[in-house]
Amino acid sequence: MEVNQMQRSFLEYTAALFREGFLDSQFSQLHQLQDESNPEFVVEVVSLFFEDSERLINDLSSALDQPNVDFKKIDAHVHQLKGSSSSIGAQRVKDSCISFRNSCEAQNTEGCLKCLQQVKQEYLLIKNKLEALFQLEKRIVAAGGSINMVEWIN
Amino acid sequence: MDAASGVSSIEGIMEEPHVLAVDDNLIDRKLVEKLLRNSSCKVTTAENGLRALEYLGLGGGDRQSSVNDNASKVNLIITDYCMPGMTGYELLKKIKESSNMKDVPVVIVSSENVPTRINKCLEEGAQMFMLKPLKYSDVKKLRCQLMQCRG
């Protein structure tokens, strides 16, 4: 696939992610922070998000597996995940965290388990999509092209 | 020191204000650091209130010192509200209680828009309350406020 085609695919794919609510404007803000002094900034932050989220999801699974569920602890973890997902623009993950916190408040274990499933699902979706996006970007750059996300998104 | 060099040293500080950013979330710390650095600020980050107080020389116990280099250089403190252990509000109180740090503006940030929380912080002397995640326009606002503080 030649560069222009790849660039078009990239932009269409990104547009779809915004349209379908996977990403929100904070994702564009992340790109605005990236510059020549740190051209890998977005990838770095998103990688941190992946690590952080996986750790939190594991902690949530363990916490819900306990005989006496500590809802405060669970709420604290979900709050963290909500914060991180909001900070990178992962809208659907953030929204699933909001529902999760409601189940925590209601001290509803069943509800929490369902919410955790939902959060896991949304997380895996955005992870796959962002990884695909970054892969495509790499190929474009390797082929001598460039992505001007900021200009396009605005 | 004559008037001319006095003015330029204030401008020097304002060209590159030193900000202490406190947040328990690693991603948020990274973001706020980049945002501030891109806006010509010097940045120090701390992952919790205790570390922030230690940096400012308000740590307490045998770490406490009345003269602290770090404290005199910090022009602005931005702290998250929800943090385990010491909240941003508790950190704000400690800063306002200290004789040498009480005049440094403290901005509280939060992902949640809770009016009682906001009022509580403002009453305790917070300069501003802002919603996370911060944007360039927020930092611009802060820098304008900072200029007014010194001016």
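Residues numbered from 1 in each chain as written. Chains lettered and ligands numbered in written order. Predicted model: local features only at pLDDT ≥ 70, side-chain atom pairs only at ≥ 80, totals over all residues. Heavy atoms only, no water.

Enquirer: Outline the overall build of chain A, supporting the account with residue identities and numerical values.
Expert: Counting its secondary structure elements, chain A contains seven helices and zero strands. Tracing chain A from N to C terminus, the helices and strands come up as α-α-α-α-α-α-α. In terms of its C-alpha atoms, chain A occupies a principal-axis envelope of roughly 55 × 30 × 25 Å. Out of the 154 residues in chain A, the part that is buried amounts to 49%. Residue pairs in contact within chain A that sit at least 24 positions apart in sequence constitute 69% of those at least 6 positions apart. For chain A, the computed accessible surface area is about 7900 Å², with 46% contributed by carbon and sulfur atoms. In chain A, 15 side chains carry a positive charge and 22 a negative one; their mean positions are 5 Å apart. (Helix = DSSP H or I, 4+ residues; strand = E, 2+ residues; numbered from the N terminus. Buried < 20%, exposed > 50% of the residue type's maximum accessible area, 1.4 Å probe, protein only. Contact = heavy atoms within 4.5 Å. Areas by Shrake-Rupley, 256 points an atom, 1.4 Å probe, with all protein chains shown as cover. Lys, Arg positive; Asp, Glu negative; His and termini not counted. Charge placed at Lys NZ, Arg CZ, Asp CG, Glu CD.)

Enquirer: Would you mind going over the interface of chain A and chain B in detail, with residue names and values included?
Expert: Contact residues are listed per partner, giving 23 residues for chain A and 16 residues for chain B. Here chain A and chain B share an interface that buries about 1700 Å² over both sides, 58% of which is from carbon and sulfur atoms. Applying the counting criterion to the chain A and chain B interface returns four salt bridges. D35(A) is the partner of K34(B) in a salt bridge, and the nearest nitrogen-oxygen pair spans 3.2 Å. Where chain A touches chain B, the interface holds nine residue pairs in polar contact (both at pLDDT 80 or more). (Buried area = accessible area lost by both parts, 1.4 Å probe. Salt bridge = Lys/Arg side-chain N within 4 Å of Asp/Glu carboxyl O. Polar contact = N/O pair within 3.5 Å; in protein donor to acceptor, adjacent residues only side chain to side chain.)

Enquirer: Mind laying out the UniProt feature "modified residue: Phosphohistidine" (unreviewed entry) in chain A, listing which residues take part and the relevant values?
Expert: According to UniProt, the feature "modified residue: Phosphohistidine" (unreviewed entry) maps to H79(A) in the numbering used here. On the secondary structure map, H79(A) appears in helix α4 (residues 71-88). With a relative accessible area of 15%, H79(A) lands in the buried category. With residues near it in sequence (within four places) discarded, H79(A) still touches R101(A), C82(B), S111(B) and E112(B). (UniProt positions renumbered as here; feature names shortened; annotations may be inferred.)

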